[in-house]
Amino acid sequence: MSIFGIVLFLLIGGMAFWMLVFLMGFILPYWITLGVFEQMRPKRIFEEEEKEH
């Protein structure tokens, strides 16, 4: 029964490790890139609303 516990521990640990690899390798750069493009985009909507009032 202890072998089952060790295998289960390694399975859950391995899934957590690969989830972190996926997050650091794909999701984090994607999130940073979206943030950079959001900062570079001109804020035209707010300027048009201020000019109308």
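In case you missed it, the structure is sitting above this.
Residues numbered from 1 in each chain as written. Predicted model: local features only at pLDDT ≥ 70, side-chain atom pairs only at ≥ 80, totals over all residues. Heavy atoms only, no water.

Caption draft 1: Molecular detail of the overall build of the chain. If you tally the helices and strands in the chain, you get 2 helices and 0 strands. For the chain, with 53 residues in total, the buried portion stands at 0%. Split by element, the accessible area of the chain, about 5,500 Å² in all, is 76% carbon and sulfur. (Helix = DSSP H or I, 4+ residues; strand = E, 2+ residues; numbered from the N terminus. Buried < 20%, exposed > 50% of the residue type's maximum accessible area, 1.4 Å probe, protein only. Areas by Shrake-Rupley, 256 points an atom, 1.4 Å probe, with all protein chains shown as cover.)

Caption draft 2: Seen up close, a nonpolar patch on the surface. Together, Met 24, Leu 28, Trp 31, Ile 32, Val 36, Phe 37 and Met 40 make up a nonpolar patch on the protein surface, roughly 780 Å² of accessible area in all. Considering the arrangement of structural elements, one finds Val 36 in helix α1 (residues 2-40). (Patch = residues over 30% accessible without salt bridge, like charges linked within 9 Å, V, L, I, M, F, W, Y side chains within 5 Å. Salt bridge = Lys/Arg side-chain N within 4 Å of Asp/Glu carboxyl O.)

Caption draft 3: Here's a closer look at the environment of Glu 38. With respect to the secondary-structure elements, Glu 38 resides in helix α1. For Glu 38, a relative accessible area of 38% translates into the label partly exposed. Only 3.0 Å separates the side chain of Glu 38 from the side chain of Arg 41, close enough to count as a polar contact. (Polar contact = N/O pair within 3.5 Å; in protein donor to acceptor, adjacent residues only side chain to side chain.)

Caption draft 4: Spotlight on α1. With 39 residues, α1 extends 55 Å between its outermost C-alpha atoms, agreeing within 8% with the 57 Å of an ideal straight helix rising 1.5 Å per residue. Leu 23 marks the point of greatest bend in α1, at about 35°. (Expected span 1.5 Å × (residues − 1). Bend = angle between axes of the 7 residues up to and from the residue.)

Caption draft 5: Layout of the packing of aromatic side chains. The final tally for this structure, using the stated rule, is 3 aromatic pairs. Ring centres of Phe 22 and Phe 26 lie 5.7 Å apart, and the angle between their planes is 25°; on these two criteria the pair is classed as stacked. A residue pair is termed a helical-turn pair when its members lie 3 or 4 positions apart in one helix, as Phe 22 and Phe 26 do in helix α1 at 4 residues. Since its relative accessible area comes to 48%, Phe 26 is described here as partly exposed. (Phe/Tyr/Trp six-rings, centres within 6.5 Å; stacked < 30°, edge-to-face > 60°.)

Caption draft 6: Layout of the pattern of salt bridges. According to the stated counting rule, one finds 1 salt bridge in the structure shown. Ionic pairing is found between Glu 38 and Arg 41, a salt bridge with its closest N-O pair at 3.0 Å. Under the relative-accessibility criterion, Arg 41 is labelled partly exposed at 47%.

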